[in-house]
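Structural overview
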Amino acid sequence: MRNFIYRLFLLLFVTEQGFAQHYPNMVDVAGGSFWMGDSLQDATSGRHEVVLSPFRIAATETTVAQWRVYCEALKIAMPSPPGWGWQEDHPIVNVSWNDVGKYMEWLSKQNGKIYRLPTEAEWEFAANGGNSTVFSGSDDIEEVAWFVKNAGNQTHPAGSKKPNALGLYDMSGNAAEFCQDRFGSYTSRKVTNPKGNQTSFFRMVRGGSWYNTSTFCTNKHREKVAATPRFDYIGFRIVEEISK
């Protein structure tokens, strides 16, 4: 009996470790209201009230190992490696917004859930983590981020810096992160579960990266890119929709 219990414990441990390696660990976010944006940053980012429903977001950026599972399952090539080579526990980069959409479709079919990129509002709410820090988890960027000053011109293992209050890592720095939204100016009125502009050519990127100075790594900073280019400083994290 004792041997059976030990073997069962070992099986569960190995399965859990494999799941953690191959699929992102999700964190529940209760939702709520917050003030999004910063009119001092630029003309498109006026401060306005946003209300969000609950959602689940990955604790870390999707890693090279997690992307490799997808490539091997579909027998497709890995993206071109960055200059420092593929490190399995680093965030995946050199993938486009369109590439990420295909990954989400595959992951949703694998797990029978709906996965997608976070909206820009969900991303900022999660990065804030219920606090008003400049960066995600601290006013001191060195505590929470790999950025141009300390990163050595490359990504680092996902989750190797201090998390924010929700247990989310690397939302300031390491790899910048795609959002679901297209780029557009914020509305000035109170909105619920905003989806962003529906017609813009550009997609939203948040969070800053190893390539950026601290100015680009704040919770409020916004960037935009087209859907097809690939960059060695942009990755992503996933959101799981919660059934209503």
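Residues numbered from 1 in each chain as written. Predicted model: local features only at pLDDT ≥ 70, side-chain atom pairs only at ≥ 80, totals over all residues. Heavy atoms only, no water.

The next point concerns the overall build of the protein. Assigned secondary structure in the protein consists of five helices and 11 strands. Considering the protein as a whole, with its 244 residues, one finds that 49% of them fall into the buried category. In the protein, 71% of the contacts between residues at least 6 apart in sequence involve partners at least 24 apart. For the protein, the exposed area adds up to about 12,100 Å²; of that, 54% sits on carbon and sulfur atoms. (Helix = DSSP H or I, 4+ residues; strand = E, 2+ residues; numbered from the N terminus. Buried < 20%, exposed > 50% of the residue type's maximum accessible area, 1.4 Å probe, protein only. Contact = heavy atoms within 4.5 Å. Areas by Shrake-Rupley, 256 points an atom, 1.4 Å probe, with all protein chains shown as cover.)

Right, let's talk about the sheet that holds strand β10 (residues 234-235) for a bit. Read from one edge to the other, the open sheet built from four strands follows the order β9-β8-β6-β10, with strand pairing classed as mixed. The sheet is open, and its two edges are formed by β9 (222-225) and β10, each paired on a single side. Sheet topology places strand β6 (residues 176-182) next to strand β8 (residues 203-206); three bridges connect them, and they run antiparallel. Each bridged residue has a counterpart across the sheet, and for Glu177 the counterpart in β8 is Arg206. (Pairing = 2+ DSSP bridges.)

Take the nonpolar core next. Grouped together as the largest cluster of nonpolar side chains are 33 residues, with contacts concentrated most on Trp67, Tyr103, Met104, Phe178, Phe236 and Ile238. No other element matches the six residues that helix α3 (residues 97-111) contributes to this core. The residues touching Phe178, leaving out its near neighbours within four places in the chain, are Val95, Ser96, Trp97, Val100, Leu117, Pro118, Met204, Val205, Val225, Ile234, Gly235 and Phe236. In terms of nonpolar packing, the next biggest core, distinct from the first, is built from 22 residues, Phe55, Phe125, Phe183 and Tyr186 among them. (Core = buried A, V, L, I, M, F, W, Y, C linked by side-chain atoms within 4.5 Å.)

Judged by which residues are buried, strand β3 (residues 48-52) turns out to be one-sided: His48, Val50 and Leu52 face inward and are buried, whereas Glu49 and Val51, on the alternate face, are not. Across five bridges, strand β2 (residues 32-36) lies against β3 in antiparallel orientation. Across the sheet, residue Gly32 finds its bridge partner in β3, namely Leu52.

This part is about the confidence of the model for the protein. Looking at the protein, the pLDDT average stands at 89 and 89% of residues meet or exceed 70. Ranking the helices and strands of the protein by mean pLDDT puts β10 first, with 98, and helix α1 (residues 2-22) last, with 41. Overall, residues 1-20 carries pLDDT values under 50, and its contacts beyond four positions in sequence, including any with other chains, amount to two contacts. (pLDDT = per-residue confidence, 0-100.)

It is worth spelling out the pattern of salt bridges at this point. Scanning all chains against the criterion turns up 13 salt bridges. With a shortest N-O distance of 2.8 Å, Glu122 and Arg116 are connected by a salt bridge. A residue is classified by how much of its surface remains accessible, and Arg116, at 14% relative accessible area, is buried. The salt bridge involving Arg222 is made with Glu120; its shortest N-O contact spans 2.7 Å. You can see Arg222 sitting in strand β9 and its partner Glu120 sitting in helix α4 (residues 120-128), a full 102 residues away along the chain. Considered together, Arg222 and Glu120 belong to a single accessibility category, that of buried residues. Residues joined by salt bridges that share partners form a network here, namely Glu120, Glu124, Arg206, Lys220 and Arg222. (Salt bridge = Lys/Arg side-chain N within 4 Å of Asp/Glu carboxyl O.)

For the rest of this paragraph, the subject is the sheet that holds β2. Read across the sheet, three strands follow the order β2-β3-β7 without closing on themselves; strand pairing throughout is mixed. Each of the sheet's edge strands pairs with one partner strand only, and the pair in question is β2 and β7 (191-192). Sheet strands in contact with α4 are β2 and β3, and its direction is about 95 degrees off that of β2. (Axes fitted to C-alpha atoms, helices over the stretch in contact; angles between N-to-C directions.)

In this structure the tally under the stated criterion is 13 aromatic pairs. Here the aromatic rings of Tyr70 and Tyr103 are separated by 5.3 Å at their centres, their planes lie at 90 degrees, and the arrangement is edge-to-face. Note that Tyr70 is positioned in helix α2 (residues 64-74) and Tyr103 in helix α3, a separation of 33 residues in sequence. Comparing Tyr70 with Tyr103 shows no difference in burial state: the two are buried. Their ring planes at 45 degrees and their centres at 5.4 Å tell us that Phe231 and Tyr233 sit as a pair that is tilted. Judged by its relative accessible area of 23%, Phe231 is partly exposed. Overall, Tyr233 belongs to the partly exposed group, its relative accessible area being 21%. Sitting over the face of the ring of Trp97, Arg203 holds its NZ or CZ atom 4.4 Å from the ring centroid. Sitting over the ring of Phe183, Lys224 keeps its end group 4.3 Å from the ring centre. (Phe/Tyr/Trp six-rings, centres within 6.5 Å; stacked < 30°, edge-to-face > 60°. Lys NZ or Arg CZ within 6 Å of the ring centre and 35° of its normal.)

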